[in-house]
Amino acid sequence: MYYAWLENPKSVHKIRGHHVAQLDPLGILDADLDSFVPSDLITTIDKLGFYGLHESDLDKVFQLPTTTFIGGNENSLSLREIIKRLENTYCQHIGLEFMFINDVEQCQWIRQKFETPGVMKFTNEEKRTLLARLVRSMRFEDFLARKWSSEKRFGLEGCEVMIPALKTIIDKSSEMGIEYVIMGMPHRGRLNVLANVIRKELEQIFCQFDPKLEAADEGSGDVKYHLGMYHERINRATNKKITLSLMANPSHLEAVDPVVQGKTKAEQFYRGDTAGKKVMSILLHGDAAFAGQGVVYETFHLSDLPSYTTNGTIHVVVNNQIGFTTDPRMARSSPYPTDVARVVNAPIFHVNADDPEAVMYVCSVAAEWRNTFNKDVVVDLVCYRRRGHNEMDEPMFTQPLMYKQIHKQVPVLKKYADKLIADGTVTLQEFEEEIAKYDRICEEAYTRSKDNKILHIKHWLDSPWPGFFNVDGEPKSMSCPPTGISEDLLTHIGNVASSVPVKDFKIHAGLSRILRARLEMTKNRVVDWALAEYMAFGSFLKEGIHVRLSGQDVERGTFSHRHHVLHDQEVDKRTCVPMNHLWEQQAPYTVCNSSLSEYGVLGFELGFAMASPNALVCWEAQFGDFHNTAQCIIDQFISCGQAKWVRHNGIVLLLPHGMEGMGPEHSSARPERFLQMSNDDSDAYPEFSEQFEVSQLYECNWIVVNCSTPANYFHVLRRQILLPFRKPLIILTPKSLLRHPEAKSSFDEMVSGTTFQRVIPENGLAAHAPHEVKRMIFCTGKVYYDLVKERKNQDLEKRVAITRLEQISPFPFDLLKEELEKYPGADLVWCQEEHKNSGYYDYVKPRFRTIVNHTRPIWYVGREPAAAAATGNKNTHLVSLRRFLDTAFNLEAFEGKTF
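Residues numbered from 1 in each chain as written. Predicted model: local features only at pLDDT ≥ 70, side-chain atom pairs only at ≥ 80, totals over all residues. Heavy atoms only, no water.

We now examine the pairing of strand β11 (residues 377–382). Burial runs high along β11: six of the six residues are buried. By the alternation rule, side chains of β11 split into Val377, Val379 and Leu381 and Val378, Asp380 and Val382, which are all buried. Two strands pair when backbone bridges link them, and strand β9 (residues 313–319) and β11 are joined in this way by six bridges, in the parallel orientation. Following the sheet pairing, His315 is matched in β11 by Val378. Both strand β10 (residues 348–352) and β11 contribute to a ladder of five bridges, which runs parallel. Its bridge partner lying in β11, Phe349 is registered against Val379. At this point the chain moves from β10, through helix α13 (residues 356–373), to the parallel β11, and the crossover so formed is right-handed. (Buried < 20%, exposed > 50% of the residue type's maximum accessible area, 1.4 Å probe, protein only. Helix = DSSP H or I, 4+ residues; strand = E, 2+ residues; numbered from the N terminus. Pairing = 2+ DSSP bridges. Right-handed = clockwise from strand over helix to strand, strands pointing away.)

Next up, the structure:
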């Protein structure tokens, strides 16, 4: 029985010592919600009997098993000493959770780091550095509190140790070869991190508190505790160059997590850092959000996927043991807020934040773990929040006992300074001089900050693109070259897209038919949707532009149209990506099926697109309406990221859309939501110039298109990279048009000199006799094909003109004005297949009215308003389609009606 207790690799102290570790600085709560003490943990002498031991055995000497490191250089210890050393390792100010990891080497590595006697010894120089960092952390918050006592700043008081903790992680990582650290964090402590970790100039921070500070005209800006920063400097501990980027983020907690991971992945990708030895990420979390926000789980599940892994992230949880006003017992069902990390076998190190040396040691081990095993690790800083949720909030309303204890709590700086003064590491005079030195730095910066009269948001940019813009951050031109490519290039890409460029590779018989059809199209100089996409992507690869396509099932395509990854039918896991065989010297193409996540994966791709303007990064929803589970990323980052943070981003969203009787959930990509958030003014009649098209794109917050031809889809993808700036591009992509016999384009529409058509005007019989036209129908997307077919059936090709809006936002005022003037006697109709309260009508109506100066109505034809996006009944779908097609071609439908 003696050895059973010692040799068991799942020894109870190692597994459950954290239950009794002294983690709470306040001493009033259990850091985990399981407040019981495990019965098999030897916390008192009477527990010895559980293992067949007695008090008389305590002084017996036992041979130590080879699996433990508590002996150091000794091979045997008394039972009393064994228990003492295990308790010192696992049951004091550090609580370890790692025995669930199913890798013996990794478990032994952690045990050696914590069990070996004397491992937590610090030199006097290290202690003085730690004290100086604590001084800066605490005095920064004190300075802000003195100068701006009534301002929200979400201070770090109660967890000041976080600043030296982060600096220790960065120091250790730099020592192990890391050159670039990308960080994401919530608002609490952000200003302190900017000042003392990233090293943002203090005057730039202090001037943010000036209510008279005027904003530059770059955007609408954001509150100071959301801003990001990018900085290159020398790491003083290692004397190596280190680049630090703190990502700007909204108030939506944890939303920045996948964005940070995406940017980290991109930086690793562009450096060829496949093992994550040069670039890494650090994510900071609050305890309530880490347990409560589902995107945390989504992000963890990207951590080991081949096209998403960042080779390990260090997570630091600022565990205030409270969420705003909510007690942990009401906020989570798991014992710890960090339990979500167990799903990916990440070790979790809980540590009492009032023991700075324990925190530094844990952070050093965490950094070493990440850079040794390239896996995630969690540091749980069990601390408290000295004030309310913000500085104006009264926490005593809801946590009276906790805050009575907090008001008595001696700050960690004083505790640690007293300890070092008592043991002679520093003198009281040295400590006071350190405080005075930093206070003087703050005062001098405060004086300088008064000279700042204008806020430049670009000084807070977290992802600069050197050389892409001019020195003022403006585009180098306001023009876009033609987006067509040579016919030879089209033919070459088409031939490769139709082939299997790997020898002895057995493909599916059905795929052979698809490839033969592609080859036939290439010979006939036509493309369908899939081939047009192939040619756009392939053309970029030749130009050195990386293309990345991500989303659920994108390799094959939800509708089995893409087939960018071929699978050998006889050899397991053998695949071929023909796109990567176009040229010997080409940029790589990444196409990757994602996990079944929208929020996490779209955030990831947004972050990937931040790293470089010279990449086409696309995220495809399985069906367009599925983007609504990523609405936070769309609303808080994509639509307004440039306005808030002066951050350009060229991400492309591919959203399958079309009312085809597939039911409420597989029909609409909800274009009305994107249009509602577009920033162009419906009532402002623009001034037209030669540069109108490009300048209008530059002024908008994003671009929304619904292409009706493969050629236009090809061109809009090409334009996305050829523009001298970057904007998010929302493409409502087709479903049935993927195979529609009429939805094909000729090479003539894609060759050199051709461009994207924002509007495709009527070019049939109606265009030849415009004064005879009685009705002009405007539409977008798939419904065009329904309208053309019905017009032919009713023999109205001379009397009804049909014009397509390919780019809906920004609104093509100039081209539509030409079309409207061409048909002066025609009724104006907007026709859509979506319901009236969705789709495009509410967006286009006021803009058409502005073009005609409110002199002509723009009538609506389409489905009636509805709560659901589409019907689930096939017959109802067909009846409503028939009804609005009849109305569209009833030339007397609006006679006698007032608009």
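Now, onward.
Looking now at the packing of helix α17 (residues 487–497) against helix α19 (residues 529–542). Close contact between α17 and α19 brings their axes to 9 Å; oriented N to C, the two are set at 110°. Taken together, the axis directions place α17 and α19 in an arrangement best described as roughly perpendicular. The hand of the α17/α19 crossing is right-handed. Contacts between α17 and α19 involve Leu489, Leu490, Ile493, Gly494 and Ala497 from the former and Leu531, Tyr534, Met535, Gly538, Ser539 and Lys542 from the latter. When grouped by side-chain class, the residues that make up the contact of α17 with α19 number seven nonpolar, three polar and one charged. (Axes fitted to C-alpha atoms, helices over the stretch in contact; angles between N-to-C directions. Parallel < 35°, antiparallel > 145°, perpendicular 65-115°, else oblique. Left-handed = near helix turned anticlockwise from the far one by under 90°. Contact = heavy atoms within 4.5 Å. Nonpolar A, V, L, I, M, F, W, Y, C, P; charged D, E, K, R; others polar.)

Spatially, β3-β10-β11-β9-β8-β4-β7-β6 is the arrangement adopted by the eight strands of the open sheet, whose pairing is mixed. Of all the strands in the sheet, just β3 (94–97) and β6 (229–235) have a single pairing partner and so form its edges. With strand direction ignored, the average angle separating the axes of adjacent strands in the sheet is 20°. Where strand β8 (residues 279–286) lies against β9, six bridges are found, and the strand directions are parallel. Along β9, the bridge assignment pairs His285 with Val317. Against the sheet, α13 makes contact with β3, β8, β9, β10 and β11, and its axis sits at roughly 165° relative to β10, the strand it touches most.

Of all the six residues making up strand β25 (residues 800–805), six are buried; the element is thus mostly covered by neighbouring parts of the structure. Side chains of β25 alternate between two faces, with Val800, Ile802 and Arg804 and Ala801, Thr803 and Leu805 buried alike. As defined by bridge partners, strand β23 (residues 759–760) adjoins β25 across two bridges and the pair is classed as antiparallel. Looking at β25, one finds that Ile760 is bridged to Arg804.

Relative to the assigned elements, Gln204 resides in helix α8 (residues 202–206). A relative accessible area of 18% places Gln204 in the buried class. Dropping the residues within four chain positions of it, Gln204 is found in contact with Asn452, His459 and Trp460.

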